[in-house]
Structures are given as structure tokens and as C-alpha cells.
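Chains, contacts and geometry: an overview
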Amino acid sequence: MTEPVKREADVARTTNETDIKLAFNVDGSGQAAIETDVPFLNHMLDLFTKHGQFDLKVEARGDVDIDDHHTVEDIGICLGQTLREALGDKRGIKRYASVFVPMDEALAQVVIDVSNRPHFEYRAEYPAQTVGSFHVELVHEFLWKLALEARITLHVIVHYGRNTHHMIEAVFKALGRAIDEATTIDPRVQGVPSTKGVL
């Protein structure tokens, strides 16, 4: 019997602005070890990991004395790169997913196509511009770089909400569940799920 291929990858990225080590396992058990200089992002990545049933380790240090931008952006880049590498030729995956997640009064939707065509659409209006010291515009930056480096089509819609923390939390939970569903192996799928024969 053939052993299942391990769908995991790791990356190290060092620039003048950040120093990041990240390891990602698509077929994990929801185990997160997140250490960054951005506490709110730590919380969101923990939720993402748990609800996607991944394993994720992140060690990141950045120039947060300037602001959180570079750290958040580069973690998105690294996560996207490891997701793309872990999925390999994408044989047998479901490819698509659409997930709604409520968080109290907030409702978020994440729709994914693991297409090898990077595209990002984002529809969200938050009542506040910060959550603690975290600037909510960085959610867009993280998601866009994730989609770009993973080469996925990613649509994120926050339908409504009153609490900015709840709204962003719903996004990250939905993101985890959508990636989990889209990357699930479907035994009915022969080869890659595309009439082109390649993704």
C-alpha cells in the first residue's frame, strides 16, 4: 500500500525588515505554535490553524517599532509559499470551497479556487480602523499576499457586523475552513480537477 504523500512545507525569509521561519502542514490536527511581534495576528493565526485543522509554526520578528506592516505582509507571503509547495501538483483535491462563518453579530464568507491563478477580491467595511494597536487595513495586506504567493483565487466578503474584532475573527475562521475544504482529497477526482489537465 502506497504511503500518503505528506503535504507540508517550510520556509525561512530574512530581509532588512523581518526574520521569519514558518512551517505549514495541510493535513494537521489544529496545532499552532505562533510567536510574532503582532499579538492580534498571533490570535488570528491560531484561530485559522484550529478551524482549518492544519499544523502551523511561525517564528517572526520584524520592525514593529515602525509599524506592523512588514511583519504581517511577510507572514502572508511565507504562508502562501508553503501552501503552494505543500499542495504540489494538486492531484485529487476538491479545488473549490465556499464557507460562511458567523461570529456573534458578524458574518464572513470566504470563497476559494485553488486555481494556480492568483486573484483577490475583498469586500469589508469595518466600524473601527484599529483593534488594539492592530490596523485593520493589514488584513487586506495579509490576505492579498497569501493569495498571490499560494496562487489561489480568494474572495473574502464580510456581509455585516458591528464589532471589528468579531468581523476579522470570522474572516480568519472562514479562511481556515475554506482552505481545508478546498484542499481535501476527493477519491472521485482522477488527476487534477481541471479540464486543462493541469493546475
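Right, let's walk through the structure included here. (Residues numbered from 1 in each chain as written. Predicted model: local features only at pLDDT ≥ 70, side-chain atom pairs only at ≥ 80, totals over all residues. Heavy atoms only, no water.)

Quick notes on the overall build of the chain
For the chain, the helix and strand inventory stands at four helices and 10 strands. Going from the N terminus to the C terminus, the chain shows its helices and strands as β-β-β-α-β-α-β-β-β-β-β-α-β-α. A globule of 199 residues ought to have a C-alpha radius of gyration of about 16 Å, and the chain, at 16 Å, matches this closely. With the C-alpha coordinates of the chain rotated into their principal frame, the extents come out at 50 × 35 × 30 Å. Split into buried and exposed, the 199 residues of the chain put 51% on the buried side. Pairs at least 24 residues apart make up 76% of the contacts formed inside the chain by residues separated by at least 6 positions. Here the chain has roughly 9800 Å² of accessible surface; of this, 48% comes from carbon and sulfur atoms. Of the charged side chains in the chain, 21 are positive and 31 negative; the average position of the first set lies 9 Å away from that of the second. (Helix = DSSP H or I, 4+ residues; strand = E, 2+ residues; numbered from the N terminus. Rg over C-alpha atoms; globule rule 2.2 N^0.38 Å. Buried < 20%, exposed > 50% of the residue type's maximum accessible area, 1.4 Å probe, protein only. Contact = heavy atoms within 4.5 Å. Areas by Shrake-Rupley, 256 points an atom, 1.4 Å probe, with all protein chains shown as cover. Lys, Arg positive; Asp, Glu negative; His and termini not counted. Charge placed at Lys NZ, Arg CZ, Asp CG, Glu CD.)

What about the side chain of Ser115?
With respect to the helices and strands, the residue Ser115 is situated in the loop between strand 6 (106–113) and strand 7 (119–123). In this structure the side chain of Ser115 is engaged in a polar contact, spanning 3.0 Å, whose partner is the backbone nitrogen of Arg117. (Polar contact = N/O pair within 3.5 Å; in protein donor to acceptor, adjacent residues only side chain to side chain.)

Let's talk about unusual backbone geometry
Positioned with a positive phi, Asp104 is a non-glycine residue whose angle comes to about 55 degrees. The phi angle at Asn116 is positive, at roughly 65 degrees, despite the residue not being glycine. When you line up the elements, Asn116 lands in the loop between strand 6 and strand 7. Assessed through its relative accessible area of 23%, Asn116 is described here as partly exposed.

Considering the environment of Thr15
Tracing the backbone shows Thr15 in the loop between strand 1 (8–14) and strand 2 (18–25). By relative accessible area, which is 31% here, Thr15 ends up partly exposed. It is 9.9 Å that separates the C-alpha atoms of Thr15 and His70, two residues lying 55 residues apart in sequence. Within the structure, the side chain of Thr15 is placed 2.9 Å from the backbone nitrogen of Glu17, a separation counted as a polar contact.

As for the environment of His135
Along the polypeptide, His135 turns up in strand 9 (residues 134–135). Through-space distance from the C-alpha of His135 to that of Glu169 is 14 Å; in sequence the pair is 34 residues apart.

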